[in-house]
Amino acid sequence: MAPARAKKEPASPTPPSDDPASKDGSENGNKIKRKRQSQSCDACRARKVRCARENPDDPKQSCKHCIALGIPCTYEYQPKKRGPPNLYLRRLQEAQAAAQAAAQHQENGNGDVAQSPVTATQKSSSPSQAAVSPSPQVQSPFLDTSLGSIPPSLHSTSLPPSRYPIAADGFHSQYSETNGFSSTAEQFSTYPLFNWSYKQHQQLSIPPPTAIPPLSYYYRPHRLEDIAPRDTMLLIIALFFDFVYPLTPCVHKPSFMADVHSRREERDPLFFALVMSTVASTLVQVPRSYLPMERHAVRKLAQTCHEASRHISVVSYDPPTSMHVVVRYFDCVYHFCEGHDATQHAAFGEAAHIAVTLRMHEESSYEGLDLIECEVRRRTFWLLFGADKSMSILLGRPICLRDEDTTCNFPRELDDEYITPSAYLPQPHGKTAIVSGLNYISRIFALLGEILVRIRVDKRSPPQGQFLTARLEEVQALHSRIIAALAHAPEPLRLKQQHGQQFPPEYGGAGFRQATFAEVKDFFDNPNASRANALNPFLVMQANLYVTQQLVRFVIEQYRDELMTSLQGSIDESRVAEDREAVASDLLNILHSIPIQSIATNGPSLVHKVRFVASTLLDAVRKAETAPASAARAHAYLWDFLSILSEIERNYLLDDERDAGSADGMPLVGSN
């Protein structure tokens, strides 16, 4: 071990000298010092040119450049103090400010829990109890001031402290020791302050933004009030858990809400980005009647929240966390609903590759993580897995996340309140977990991935002879598996009606169409309309599950028929027509068996799936020389229903220029 360096003794002060030479030297030194302090005026310093004055010793005299430009010649620049900042003093100041803010917040007694208008309406006896109270305007660095007067949510109620401590991500436990000023609560959070002390000290010296601010400029604490009134943000978060969460359960509700309640976003910029992306993706997925805002205000707020998240998350990739994946997944959803196709795929690519970097596709990577983090990662991975297959079939894209590379287990079928960092609590008997819908749709997407891989391999190198026969057997086995995929689904996820080939007389027709359009209009435009069906997560998931099942079934049957044609040289056209009619019949029965509000809650993604199947079926009917009357009738009804779905899609648009079409949405169908 090297010996410690001896401290250098401070030099003894030199006594003053009476020597005239030393006095003269001192005076000259003072002149030099004065010259160094004032050698360039502010304007010349900014322009980086030499500052020239007639008399350098006259501080009141303007330099030649300022005289020529006709501007004031000032010397207000003060050089920054060299050396590291006084971190000890800064931490004391921060702790004092935090204590004062907490005391003030406790005196105010304001809770941070909001209810969506739907939840509040069901709990109150009259609509008058769900009044919206005005909020003061907020000046936001991200947001246009015109949004400062957005009405807040309903009356808030206080949220008790979370009884579920949230453990940090074990992948980056090395940073928990360096974060010296983090509180005990932060050390047990699902969303830890990864190396935040370093990033905080790093950004404090950043100057205000110029024309092109540095990427790290926005990586600092922010408040929800910087974007919109806090009550408004809490209302949108409540809507997320009411309507969006059942289909995308990629956050752990108890820990997420505990962090929001403790205002974690004011200490952790990355958590602020997560909240912003959650709000942005929610605004573009819930009907506008749920929000006391105009369409342009909703769109502006969604854009602002997305950009605020992007500003922060783009400089925080190292070290990667599961929160980065969730943020980018929500960004992908936001761009999909806004019609930003290329940006949507870029966001998905980031999410998928960060997930792969974290090895979320490998079950072995989950060892040592707390159970909440494990479940958040599993859910997020399988959401990405399904989105990957959906884009692959609907857009003809290559598969990014392949089934043969995946060893990750499906999420535990437990609701969030039964998942703690150290234990899985038993799910109550007879209560179906929300995440069961994700597990069943993931199995269906896994089958879609299997058929897509075979289709694309065979396209490059078509099988022949015994290999063709073997491939046909594989595809027929996949067909049997997709038909039985939902046979053992829990009762809340099963359709009430069994699929059949006969259409009741009320299917189709002007009366049915007008009544359904009236329901859709009431759902989107009437704030007081019943939301019971939209609030039932299992009805919403039924629509997604059974429509996706029919999509995959259709793809498998199409390829099975192609293989049989290659093997036999021809195919029984009447059998193909019957199979197509069966798909149309089953799809129509599904759409009629589920309340239109539950279908509408799925948003544009469900419309795209139905349109993919329906357009191909209708095209086959047009080409068929002798189509059975029942098939033509089924396809006519399906076309009728597709116009209703297009009206649903139109109501999700926040862009007035794109919101075009007739009352029944038919031009939108034709254009796609």
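As a reminder, the structure under discussion sits directly above these lines.
Remember, it's a predicted structure, so these values are computed and weren't measured experimentally. (Residues numbered from 1 in each chain as written. Predicted model: local features only at pLDDT ≥ 70, side-chain atom pairs only at ≥ 80, totals over all residues. Heavy atoms only, no water.)

Q: Can you break down the pattern of salt bridges residue by residue, with the values?
A: Note on pairing: side chains with opposite charge can pair once their charged atoms come close. Applying the stated criterion to the full structure yields 31 salt bridges. With a shortest N-O distance of 3.7 Å, Arg223 and Asp226 are connected by a salt bridge. In this structure Arg223 comes out as partly exposed when scored by relative accessible area, which is 39%. Across the pair Lys389 and Asp388 runs a salt bridge whose closest N-O atoms are separated by 3.0 Å. Classification of Lys389 as buried rests on a relative accessible area of 1%. Overall, Asp388 belongs to the buried group, its relative accessible area being 3%. Through salt bridges with shared partners, one network takes in Glu450, Arg454, Asp458, Arg471, Glu474 and Arg481. (Salt bridge = Lys/Arg side-chain N within 4 Å of Asp/Glu carboxyl O. Buried < 20%, exposed > 50% of the residue type's maximum accessible area, 1.4 Å probe, protein only.)

Q: Describe the layout of surface pockets, with residues and values.
A: Here the second largest pocket defines a volume of roughly 1400 Å³. If you trace the second largest pocket, you find 49 residues lining it, with Phe336, Ser390, Pro604, Ser605 and His608 closest to the centre. Per-element tally for the lining of the second largest pocket: the top contributor is helix 14 (residues 371–395), with eight residues. Residues belonging to the lining of the second largest pocket are distributed by class as follows: 25 nonpolar, 17 polar and seven charged. (1 Å grid on protein atoms, 1.4 Å probe; cavity = no way out; pocket = protein on both sides within 12 Å on 5 of 7 lines; lining within 4 Å. Points joined across faces, edges and corners; volume = space filled by probe spheres on them. Helix = DSSP H or I, 4+ residues; strand = E, 2+ residues; numbered from the N terminus. Nonpolar A, V, L, I, M, F, W, Y, C, P; charged D, E, K, R; others polar.)

Q: Which residues make up empty space enclosed by the protein, and what are the values?
A: Under the counting rule described, the total for this entry stands at two cavities of 30 Å³ or more. Its volume calculated, the second largest cavity comes out at about 30 Å³. Lining the second largest cavity, in full, are His252, Ile372, Glu375, Val376, Arg379, Asp416 and Ile419. Grouping the amino acids of the lining of the second largest cavity by side-chain chemistry returns three nonpolar, one polar and three charged.

Remember that the coordinates give geometry; whether it matters functionally is a separate question.
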